[in-house]
Amino acid sequence: MWNRIKGVGPAGAGAMILLAVSAAAAVTNMGTSLPAAKGSATTIGSDSSNPSTTTASYAAATAAGSVDYNSRTEGAFASFDFASGTKLPDKATASLGNATFQPGVNVAYVPLTLDRPTPNTVIIRLTTVNGSGTNAAKSNINYQTVDTVVIFRPGDPLRQTVAVPIITAQDGQQFQLKMREAPWGGLQGQSTATVTASSSATATAKATGTFRAPRTFAATGTLQFELQKETHKRSPEGGWNRWATSLANGRTQIANEETGLYLDSSVFPGVEGPVYWSDKGLVLHSQKLKQPIYYEGRNWSYGASVLDGRNYLATQIGYGQYEWDAKMPNRRGAWPAFWLVSTSGWPPEIDVYEGFGQQSYWDFDRHVAHTIHGGANITRTFQSGAVIQTDQAYGWSGYSQDFHRYAIDIQRDYITWFIDGKESYQSVNPFNGFRWYPIMDVAVKTDSAYNDGTGDMIIRGFKIYSTP
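Everything numeric here is computed off the predicted structure, so don't read it as measured data. Residue positions are given per chain, counting from 1 as you read along its sequence in written order. Only residues with pLDDT of at least 70 get local features here, since the model is predicted, and only at 80 or more are side-chain atom pairs given and counted; chain-wide, interface and lining totals rely on the full set of residues. Hydrogens and water are ignored here; the side-chain numbers use all heavy atoms of the structure.

In this description a helix means any DSSP run of H or I spanning at least four residues, a strand means any run of E spanning at least two, and both kinds are numbered starting from the N terminus. When helices and strands are tallied, the protein chain shows two helices and 29 strands. Burial classes: relative accessible area under 20% of the type maximum marks a residue as buried, over 50% as exposed, and values in between as partly exposed (1.4 Å probe, protein chains only). Within the protein chain, buried positions represent 56% of all 468 residues. In these tables, accessible area is a Shrake-Rupley quantity obtained with a 1.4 Å probe, and a residue counts as shielded only by the protein chains included in the view. Approximately 17,600 Å² of the protein chain is accessible, and the part contributed by carbon and sulfur atoms is 48%.

Have a look at this one:
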């Protein structure tokens, strides 16, 4: 959770927002085929025998102008040296290409390409713009406005086309398709394409590559742990059969600029229960304290809440699935998260869900964040992930209004994130051989009254499935 295990603060979280829009219009060639299954989870392949599928080979081919954009990219990272979780492959660069169409047709196709296989989901927001000058094509006169999202998932071909409906266009008329911002998960190449009606040029062809559909979450491992009121135990430092109410490095995160003290009513008698069971589930309660608590040389005016599984053996797995069923807080300044940390120490870290209520842009009902952090010896060497406006990108919302399921599937080749059983993000797995323990918490990062909405996260269910 932004390296809070060792108190390293967030790196420009506000810049991460992805204002993606509905993918209901205009993206073509989004096929339904899935990569071949491997073991208990969908895989993106493991064939490293073909050098044309390696990242280095794609980079060389790109430089030579000979990338096969419709080729499959399974196994592209099978031979990559992740250096024990400290390195990731280079990001792919997304570029729009200029396009032509014949006057009189009812659709124009605009190419969008990656220069190499992507190690993670790339999401690109696109919109049409009127042309300029005497040959300007106008929205809803010559073409229909397109405002859409294009998604490249690991293993997909490197070329898609965006379909723009044409109403009527004369020879030479032109308009543009552009990226609204740099792609999340990738680099930005050519960000604007000119689309021209031309009777003499060959029309840009629709992409024919087959893209896989989003995965559906399946608990394919063996059920190893289930959160139940009857067996739930916790203590300040935790134990082999119980949660800790502190983090590995204590009850404060000053370097993260957190203002909340992680509470335990057995350590700080008289505080409102930071963790308790209600008729709706297990509540992680954050609060503005009635009286400040003096701790570690300073006064703390806010209470945070955490359950940490660092010593809880039943919650620790190497490969498999974690799934939370929870209702999120919506209070400004609340910082809720479900995250995983290596049992051998931080980093690495996998953020299953994170909510940046301390950021003014954050909407608890529409935003989610998925991130991985790599490195070793208390030093982060990379951070990769996405903040997604899921209402616009996927049509999902209401995370503080009702319960939703947040899951992650960790396999040897890829890590896949899910919301309500549908894939929201995927990344190549650089952390082979690591074991994980879970943390669920509501941190506080504010100096406000902290009294709007609710600062509580309610967990209705939590299950862990282990695979070999």
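And the narrative resumes.
Right, let's get into the pattern of salt bridges. Salt bridges are counted wherever a side-chain nitrogen of Lys or Arg sits within 4 Å of a carboxyl oxygen of Asp or Glu. According to the stated counting rule, one finds twelve salt bridges in the structure shown. Between Asp147 and Arg180 there is a salt bridge, with its nearest N and O atoms 3.0 Å apart. With Asp147 in strand 7 (residues 147–152) and Arg180 in the loop between strand 9 (174–179) and strand 10 (187–188), the pair connects residues that are 33 residues apart, well separated along the chain. Its relative accessible area of 37% is what places Arg180 among the partly exposed residues. Of the charged contacts in the structure, one is a salt bridge between Arg212 and Glu423, with a shortest N-O distance of 2.8 Å. Of this pair, Arg212 sits in the loop between strand 11 (192–197) and strand 12 (222–226) while Glu423 sits in strand 27 (residues 422–428); the two residues are 211 residues apart in sequence, bridging distant segments of the chain. Comparing Arg212 with Glu423, the two get one shared label, buried. The network of salt bridges with shared partners includes Asp90, Asp115 and Arg116.

In this description, a nonpolar core means a group of buried Ala, Val, Leu, Ile, Met, Phe, Trp, Tyr and Cys residues linked to one another through side-chain atoms lying within 4.5 Å. Counting 75 residues, the largest nonpolar core has Tyr322, Phe338, Ile350, Ile459 and Phe462 as its most contacted members. For this analysis, residues touch if any pair of their heavy atoms sits within 4.5 Å. Filtering out sequence-adjacent residues up to four positions away, Ile459 remains in contact with Leu227, Gly281, Leu282, Leu284, Trp324, Asp325, Ala326, Phe338 and Met440. Residues Ala92, Val110, Leu114 and Ile124 belong to the second largest nonpolar core, which totals 29 residues.

The next subject is the packing of aromatic side chains. A pair of aromatic rings is counted whenever rings of Phe, Tyr or Trp (Trp by its six-membered ring) have centres within 6.5 Å, and the orientation is called stacked for planes under 30 degrees apart, edge-to-face for over 60 and tilted otherwise. Tallying each qualifying case throughout the model produces 30 aromatic pairs. Seen in terms of ring centroids, Phe225 and Trp243 are 6.0 Å apart; in terms of plane orientation they differ by 80°. Their pairing is edge-to-face. In this pair, Phe225 is assigned in strand 12 and Trp243 in strand 14 (residues 243–244), connecting sequence segments 18 residues apart. Looking at Phe225, the relative accessible area reads 9%, which means it is buried. Ring centres 5.2 Å apart and planes at 65° place the aromatic pair Trp417 and Tyr425 in the edge-to-face group. A single burial state applies to Trp417 and to Tyr425, both of which are buried. Every member of this aromatic cluster is reached through a ring pair, and the members are Phe225, Trp243, Tyr312, Tyr322, Trp324, Phe338, Tyr353, Tyr399, Tyr406 and Phe462. Counting as a charge over the ring demands two things of the Lys NZ or Arg CZ atom: a distance within 6 Å of the ring centre and an angle within 35 degrees of the ring normal. One cation-aromatic arrangement involves Arg412 over Tyr319; the distance from NZ or CZ to the ring centre is 4.0 Å.

This paragraph deals with the side chain of Asp325. If you trace the backbone, Asp325 turns up in strand 20 (residues 319–327). With residues near it in sequence (within four places) discarded, Asp325 still touches Phe403, His404, Arg405, Ile458, Ile459, Arg460 and Gly461.

The next point concerns the pairing of strand 29 (residues 456–467). Looking along a regular strand, one sees the side chains alternate between the two faces of the sheet. Buried residues dominate strand 29, accounting for nine of its twelve residues. Where strand 12 lies against strand 29, four bridges are found, and the strand directions are antiparallel. The residue bridging Thr222 from the neighbouring strand is Ser466, located in strand 29. Pairs of strands are assigned from DSSP output, requiring at least two bridges between the strands. Strand direction decides the pairing type here: strand 17 (residues 281–285) and strand 29, joined by four bridges, are antiparallel.

Next up on the list: the sheet that holds strand 10. With mixed pairing, four strands are arranged side by side in an open sheet as 8-5-3-10. A strand with exactly one partner marks an edge of an open sheet, and here the two such strands are strand 8 (159–165) and strand 10. Of the strand pairs in this sheet, strand 3 (residues 93–96) and strand 5 (residues 107–114) are connected by three bridges, and their pairing is antiparallel. Counted as the bridge partner of Ala94 is Leu114 from strand 5.

Let's shift gears to the side chain of Thr467. Among the structural elements, Thr467 can be located in strand 29. Relative accessible area serves as the criterion here: at 8%, Thr467 is assigned to the buried category. Definition of a polar contact: a pair of N or O atoms within 3.5 Å, with one able to donate and the other able to accept a hydrogen when the atoms are protein atoms, and with sequence-neighbouring residues admitted only if both atoms are side-chain atoms. Within polar-contact distance, the side chain of Thr467 engages the backbone nitrogen of Gly320 at 3.4 Å.

If you trace the five strands from one edge of the open sheet to the other, you get 4-11-9-6-7, paired in mixed fashion. Strand pairing shows two members of the sheet lacking a second neighbour, strand 4 (99–101) and strand 7, which therefore form its edges. Taken over all neighbouring pairs, the strand axes of this sheet differ in orientation by 25° on average, direction set aside. Judged from the four bridges that link them, strand 6 (residues 122–129) and strand 9 form a sheet pairing that is antiparallel. Opposite Thr127, over in strand 9, you have Lys178 as the bridge partner. Lines fitted to C-alpha atoms define the axes here, with helix axes fitted over just the stretch in contact, and angles between the N-to-C directions of these axes take values from 0 to 180 degrees.

What follows concerns the confidence of the model for the protein chain. pLDDT measures the predictor's confidence residue by residue and takes values from 0 up to 100. Confidence along the protein chain averages 87 in pLDDT terms, with 84% of residues attaining 70 or more. Low pLDDT (under 50) marks residues 4–65, which in the prediction has 182 contacts with non-local residues, meaning those over four places away or in another chain.

Quick look at the pairing of strand 3 now. The alternating pattern of strand 3 places Ala94 and Leu96 on a buried face and Thr93 and Ser95 on a face that is not buried. Bridge count for strand 3 against strand 10 is two bridges, and the pairing is parallel. By the bridge assignment, Thr93 is partnered in strand 10 with Leu187.

With the exception of glycine, most residues fall at negative phi, and the peptide bonds are largely trans. Going from Trp346 to Pro347, the amide bond is cis rather than trans, its omega being -15°. Here Pro347 is to be found in the loop between strand 21 (334–342) and strand 22 (349–354). Omega for the peptide link from Pro347 to Pro348 comes to 15°, which places this bond in the cis form. When you line up the elements, Pro348 lands in the loop between strand 21 and strand 22. Of note in this structure, Ser84 is not a glycine but carries a positive phi near 55°. Counting through the fold element by element, Ser84 comes out in the loop between helix 1 (55–63) and strand 3. Residue classification places Ser84 among the exposed positions, given a relative accessible area of 59%. For Asp420, which is not glycine, the phi torsion reads 50° and is therefore positive. Within the fold, Asp420 resides in the loop between strand 26 (414–419) and strand 27.

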